[in-house]
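Observations on chain architecture
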Amino acid sequence: MRTSEFYFDLPEELIAQTPLKNREESRLMVVDKKSGSIEHRIFKDIFDFLQAGDCLVLNNTKVIPARLFGTKDQSGGKVEFLLLKRIEGDRWETLVKPGKKARIGDHIIFGEGLLSAEIVAYGDEGSRIVEFNYDGIFEQILDQLGSMPLPHYIKERLEDKERYQTVYAKHEGSAAAPTAGLHFTQDLLCKLQDKGVNIAYITLHVGLGTFRPVKSETIHDHKMHAEYFEVTEETANTINRAKEKGGRVIAVGTTSIRTLESIADEDGKVHPGGAWTDIFIYPGYQFKIVDGIITNFHLPESTLIMLVSAFSSREITLDAYKEAVNNRYRFFSFGDAMFML
């Protein structure tokens, strides 16, 4: 399939710049993945569509303040770091701006010396491998000096950095939020549990590879970057019990979908463990475990819209997106949601 087959026209003013005051008041488009029928609701109405015995799977990764601004030790030139993933210890894969001037051996100072870094190697697709030096606890220093790595299409300043975290964020390590989960409140999750919906948490640390543009003419030539995930024994048992009893597995966000489909066997059973996944889901893929998806509205020609198209069809997905544009839905990270079942 050609990448251009997943293009749609998106007016720039529909790209949400700020989160809504109330998370669960986002709009919700409910799409039948087979017929393509569409219903327009509010996100808190997801309560009406989930049934006792279903299993809702959420990604509890936590976004780190991964953007750092510093200066070169020798020249004093300004440098921006975006931490992508920890390799081991204090070594990180990092995007550096300006990239062409970031050379092995360069030393960068942050926070008047509270933190420093040396570029030790070149990474993939222009990234750099850096080693940090500091006294104390890295996470505390990062929380003091770093800022939230909002996507490039968000131009407005984020007043409350917690709005770029899910209410259930727990394990630090992401360079971007699993944004489909931003619509949930603790109150809504409690109501779903009281209804008999099972809640299960996986962890996938989101890297920027998920959001990198597809530059190849055909989607089959695109290479996904690997991201690390963990599924506990408790989570695996919760999902498997729900499935065995006839419940549906509803994945919240593309990160949960990719994790579940990476770790499920051909019989649709989930096994605990931690690993790296570079799974690329596009039309023709046969889902092993996921019965329904909750997701935001994604970029044209992105791997994310290809995943949604695989769950339904390209035609139904693009028709739903056309409906979203015509009805002025809000797109991307702080935008509205789709429930496809």
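Here, every reference points to the structure presented above.
Computed from a predicted structure; not experimentally measured. (Residues numbered from 1 in each chain as written. Predicted model: local features only at pLDDT ≥ 70, side-chain atom pairs only at ≥ 80, totals over all residues. Heavy atoms only, no water.)

Let's shift gears to the overall build of the protein. Each helix and strand in the protein was counted, giving 7 helices and 17 strands. Computed over the C-alpha atoms, the radius of gyration of the protein is 20 Å, within 12% of the 20 Å expected from 2.2 N^0.38 for a compact globule of 341 residues. With the principal axes as the frame, the protein shows a C-alpha extent of 60 × 45 × 40 Å. Taking all 341 residues of the protein together, 52% fall into the buried category. Taking the contacts inside the protein whose residues are at least 6 apart along the sequence as the reference set, 71% of them involve residues at least 24 apart. Entry remark: accessible area of the protein is about 15800 Å², with carbon and sulfur atoms responsible for 46%. The centroid of the 41 positive side-chain charges in the protein is displaced by 3 Å from the centroid of its 50 negative side-chain charges. (Helix = DSSP H or I, 4+ residues; strand = E, 2+ residues; numbered from the N terminus. Rg over C-alpha atoms; globule rule 2.2 N^0.38 Å. Buried < 20%, exposed > 50% of the residue type's maximum accessible area, 1.4 Å probe, protein only. Contact = heavy atoms within 4.5 Å. Areas by Shrake-Rupley, 256 points an atom, 1.4 Å probe, with all protein chains shown as cover. Lys, Arg positive; Asp, Glu negative; His and termini not counted. Charge placed at Lys NZ, Arg CZ, Asp CG, Glu CD.)

The next thing to look at is the packing of aromatic side chains. Summed over the entire model, instances satisfying the criterion amount to 22 aromatic pairs. Plain terms: the ring middles of tyrosine 168 and tyrosine 201 are 5.6 Å apart, the flat faces sit at 50° to each other, and that makes the pair tilted. You can see tyrosine 168 sitting in the loop between helix 2 (138–145) and strand 11 (171–174) and its partner tyrosine 201 sitting in strand 12 (residues 198–204), a full 33 residues away along the chain. Owing to a relative accessible area of 7%, tyrosine 168 belongs among the buried residues under this scheme. An aromatic cluster is built from Phe8, Tyr153, Phe297, Tyr321, Tyr329, Phe331 and Phe332, whose rings are joined through pairwise contacts. Positioned above the aromatic ring of tyrosine 329, the side-chain terminus of arginine 27 is 4.0 Å from the ring centre. The ring of phenylalanine 311 carries lysine 33 above its face, with NZ or CZ at 4.2 Å from the centroid. (Phe/Tyr/Trp six-rings, centres within 6.5 Å; stacked < 30°, edge-to-face > 60°. Lys NZ or Arg CZ within 6 Å of the ring centre and 35° of its normal.)

Where helix 6 (residues 303–311) contacts helix 7 (residues 314–326), the two axes come as close as 7 Å, and the packing angle between them is 120°. In terms of orientation, helix 6 lies oblique with respect to helix 7. In this structure, helix 6 meets helix 7 at a crossing whose hand is right-handed. Here helix 6 contributes Ile305, Val308 and Ser309 to the contact with helix 7, which in turn contributes Arg314, Thr317, Leu318 and Tyr321. A breakdown of the residues in the contact of helix 6 with helix 7 according to their chemical character gives 4 nonpolar, 2 polar and 1 charged. (Axes fitted to C-alpha atoms, helices over the stretch in contact; angles between N-to-C directions. Parallel < 35°, antiparallel > 145°, perpendicular 65-115°, else oblique. Left-handed = near helix turned anticlockwise from the far one by under 90°. Nonpolar A, V, L, I, M, F, W, Y, C, P; charged D, E, K, R; others polar.)

Considered for burial, the residues of helix 2 that qualify are Phe138, Ile141 and Leu142. Projected down its long axis, helix 2 shows its buried positions confined to an angular sector of 100°, all on one face. Structural note: helix 2 exposes Gln140 and Gln144 on the side pointing more than 90 degrees away from its buried face. Contact partners of the buried residues in helix 2: strand 5 (67–72), strand 6 (78–88), strand 7 (91–97), strand 9 (115–122) and strand 10 (128–134). (Arc of directions from axis to C-beta.)

Looking now at the sheet that holds strand 3 (residues 55–59). Strand pairs in the sheet, formed through backbone hydrogen bonds, run parallel or antiparallel to each other. The sheet built from 9 strands is open, its strands ordered 2-1-17-16-14-3-12-13-15 with mixed pairing. Strand pairing shows two members of the sheet lacking a second neighbour, strand 2 (38–42) and strand 15 (273–277), which therefore form its edges. If you compare each strand with its neighbour and ignore which way they point, the axes differ by 25° on average. Direction of pairing for strand 16 (residues 292–296) relative to strand 17 (residues 337–340): antiparallel, over a ladder of 4 bridges. Bridge pairing in strand 17 places asparagine 296 opposite alanine 337. (Pairing = 2+ DSSP bridges.)

The residue glutamate 80 is located in strand 6 in this model. Of the residues examined, glutamate 80 reaches a relative accessible area of 18% and is grouped as buried. At 2.6 Å, the side chain of glutamate 80 and the side chain of arginine 67 are in polar contact. Glutamate 80 has contacts with Arg67, Leu68, Phe69, Leu95, Val96 and Lys97, leaving out every residue within four places of it along the chain. (Polar contact = N/O pair within 3.5 Å; in protein donor to acceptor, adjacent residues only side chain to side chain.)

With that settled, consider the sheet that holds strand 6. Spatial ordering of the closed barrel is given by 5-6-7-10-9-8, a layout of 6 strands whose pairing is antiparallel. Pairs of neighbouring strands in the sheet enclose a mean axial angle of 45°, with direction left out of account. Strand direction decides the pairing type here: strand 8 (residues 107–110) and strand 9, joined by 4 bridges, are antiparallel. Its bridge partner lying in strand 9, isoleucine 109 is registered against serine 116.

Cis geometry is adopted by the peptide bond preceding proline 98, which originates at lysine 97 and carries an omega value of -5°. Assignment of secondary structure puts proline 98 in the loop between strand 7 and strand 8.

Our focus in this paragraph is the environment of tryptophan 276. Positionally, tryptophan 276 belongs in strand 15. When the C-alpha positions of tryptophan 276 and serine 262 are compared, they lie 9.2 Å apart, and in sequence the two are 14 residues distant. If we skip the residues at most four places from it in the chain, tryptophan 276 touches Lys85, Ala226, Glu227, Tyr228 and Phe229.

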